[in-house]
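Below, each chain spelled out in residue letters.
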Amino acid sequence: MSQVSVPAPVTAYRPGVRSLVTLIGCEVKMVLRDTAGLVVPLGLPLLILLTSAGSAGGQVVANGRTALEVFVLPLVLAMVVAMIGIINMPSFLAYYRRSGILRRLAVTPASPGMVLAAQVIASVLQALVGIALATGVAFLVFGVGAPADIGVTLGVFVLVMAAMYAAGMIVAAVAPTPNSAVAIGLVFFFLVGALGGMFGGPDALPAPLATIGGWLPFGAAVAAISAAWSGTAVGAAQLVGLGTTVVVGVLVAGLLFRWE
Amino acid sequence: MSDTEPAILAEHLAKRYRAVRAVVDVSLRVDVGETVGVLGTNGAGKTTTVEMIAGLRVPDEGRVRVLGLDPRTDRARLRQVLGVQLQHAHLHHALRVSELVDLYRSFYPDPRSAAELLDLVDLAGQRRTVFDKLSGGQQQRLSIALALAGRPRVAILDELTTGLDPKARRRMWSTVEQLRAEGVTVLLVSHAMEEVERLCDRVVVLDGGRVLALDTPAGLVARSGTATLDDAFVALTGKDLEETR
């Protein structure tokens, strides 16, 4: 056995911003190298925009705004955030948990909160790229007008993203495997999407279902973005629906989320 | 901690998984700078014991201290002086070797350089290779490098060389010998008698979640009246380590 000197006392140390930035960079690379996870949530909503914008762009429905601005673009933007928040992010977290990546990180000074923050930030960056892409195409190709109130619109986007990621955290908390996370996320996405008017608008649904869908995160997101964009008051039902989703998501994930 | 305080102190550890008593009563003291091997058949409680010492599992009973720190309450301080290579843990599968090394280095205040880490495990030539494209042995070597990124004062290495080819195994043995020379305390879980005899100052033999013996390799052989450590293990446990791998 080798001779060693008296060891120095251990002082507390937590990784700082440099470490968080490195971790975010790694998470971004993981997203970029996951081709399906990158392309589908950005490409599918864009495809819906491209195929619907022609007819919807010429149809004025309210406040001088077209159906493209009032119905299609809010739906497309809500889809981008919902697909990434409810399907992609939970499946990444479930994979990390299942494969032991979170367990491996748990024996380093990186805190679970830091790992989660990096994952969410990388995911939000992907959503922002999707929003910028869809909005850019709508502006440049189809001549969509700017939001009536940019401040309110940005505020609504923050609330929508918080609600979708909170819903995603519920999926991450209850899904035991990556496959089940994708399955639960897809079912949840299509359920709230269908009730929120993703397939033909809320008017095509029976009234009770349309009412329920309007409170759920997808329907509330579409209605809130639409109102903010066209300059009408954002409904209290939508704000309550999105806010409740955030609170419930945080509580459920806080109680049920497991790191291994 | 004082200069007489052990690097690792485990007292009467017990852990149960539902009906299974994985660890019944394990006590262990490892002095600073010592390399101690943990031997046992599958299900002997080796991994559960080291995971309780690493703070990954909470003991049902007993007490753990690493460099005087409680793994449950002193997590932040412990994590910067403890390096752990887990038996079953993957890394971000789509990241390159160099990216993973940079990531794990970023967690520590004074990490080893990336070049030193890659040289240590002979992976300099794979620095641009994605983790998923590495062979099993290369993945294991990278995992060991990452465990050493923060210049740990205590290293827990679970199945250090399982699955490695003879050349890589000898390379890992040299790495452990280098750690010893640097004064690092090493707890080494192993199935390989040759490895334990070569690297370890003392060996703890576990069976059925209890400590059967804790002695030097030569002491274990002498007390069992056998000729080799392999035979000493069989005499102690009634089981052949090779058959349980």
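Residues numbered from 1 in each chain as written. Chains lettered and ligands numbered in written order. Predicted model: local features only at pLDDT ≥ 70, side-chain atom pairs only at ≥ 80, totals over all residues. Heavy atoms only, no water.

Chain B is annotated in an unreviewed UniProt entry as ABC transporter ATP-binding protein of Micromonospora radicis. Taken verbatim from the UniProt record of chain B, the Subcellular location (unreviewed entry) comment is "Cell membrane". (UniProt positions renumbered as here; feature names shortened; annotations may be inferred.)

In the nomenclature of an unreviewed UniProt entry, chain A is known as ABC transporter permease of Micromonospora radicis. Word for word, the UniProt comment on chain A under Subcellular location (unreviewed entry) is "Membrane".

Undergrad: Can you lay out the packing of aromatic side chains for me, pointing to particular residues and giving the numbers?
TA: Under the criterion given, the structure shown has seven aromatic pairs over all chains. Counting every residue linked through ring pairs, the aromatic cluster contains Phe189(A), Phe190(A), Phe199(A) and Phe218(A). (Phe/Tyr/Trp six-rings, centres within 6.5 Å; stacked < 30°, edge-to-face > 60°.)

Undergrad: Any details on the domain arrangement of chain B? Residues and values, ideally.
TA: Residues and elements named next belong to chain B. Domain boundaries assigned for chain B yield domain 1 (8-81 + 152-239) and domain 2 (92-151). Taking only C-alpha atoms into account, the centre of domain 1 sits 24 Å from that of domain 2. Taken together, the contacts link 19 residues of domain 1 with 15 residues of domain 2. Summed over the three residues of domain 1 that lose the most area to domain 2, namely Pro 152, Arg 171 and Met 172, the buried surface amounts to 35% of that side. Between the two partners, domain 1 and domain 2, sit two salt bridges. In this structure, the connection of domain 1 to domain 2 is made through six residue pairs in polar contact (both at pLDDT 80 or more). When residues of the side of domain 1 that touches domain 2 are assigned to their parent elements, the largest contribution, seven residues, is made by helix H6 (residues 166-181). (Domains from an automatic or database assignment. Contact = heavy atoms within 4.5 Å. Buried area = accessible area lost by both parts, 1.4 Å probe. Salt bridge = Lys/Arg side-chain N within 4 Å of Asp/Glu carboxyl O. Polar contact = N/O pair within 3.5 Å; in protein donor to acceptor, adjacent residues only side chain to side chain. Helix = DSSP H or I, 4+ residues; strand = E, 2+ residues; numbered from the N terminus.)

Undergrad: I'd like a rundown of the environment of Thr244(A), residues and numbers included.
TA: Residue and element names in this part refer to chain A. The topology assignment puts Thr 244 in helix H10 (residues 236-256). Residue classification places Thr 244 among the partly exposed positions, given a relative accessible area of 40%. Expressed as a C-alpha distance, the spacing of Thr 244 and Gly 219, which sit 25 residues apart in the sequence, is 14 Å. (Buried < 20%, exposed > 50% of the residue type's maximum accessible area, 1.4 Å probe, protein only.)

Undergrad: Summarise the pattern of salt bridges; cite the residues concerned and give the values.
TA: Close approach of charged atoms allows side chains of opposite charge to pair. Tallying each qualifying case throughout the model produces 19 salt bridges over all chains. For Arg63(B), the salt bridge goes to Glu11(B), with nearest N and O atoms at 2.9 Å. With Arg63(B) in strand E4 (residues 61-66) and Glu11(B) in strand E1 (residues 8-17), the pair connects residues that are 52 residues apart, well separated along the chain. In this structure, the salt-bridge partner of Asp31(B) is Arg29(B), at a minimum N-O distance of 3.2 Å. Taking relative accessible area as the criterion, Arg29(B) reaches 37% and is therefore assigned partly exposed. Within the structure, one salt-bridge network assembled from shared partners comprises Lys29(A), Arg33(A), Arg96(B) and Glu99(B).

Undergrad: Please provide a residue-by-residue account of the interface of chain A and chain B, values included.
TA: Listed by partner, the interface residues are 39 residues for chain A and 44 residues for chain B. One salt bridge connects Glu99(B) with Lys29(A), and the closest N-O pair in it is separated by 3.5 Å. Between the two partners, chain A and chain B, sit 11 residue pairs in polar contact (both at pLDDT 80 or more). Elements that contribute at least two residues to the side of chain A that touches chain B include exactly helix H1 (17-32), helix H3 (67-99), helix H4 (101-106) and helix H5 (112-140) of chain A. Tallied by class, the residues present in the side of chain A that touches chain B amount to 23 nonpolar, eight polar and eight charged. (Nonpolar A, V, L, I, M, F, W, Y, C, P; charged D, E, K, R; others polar.)

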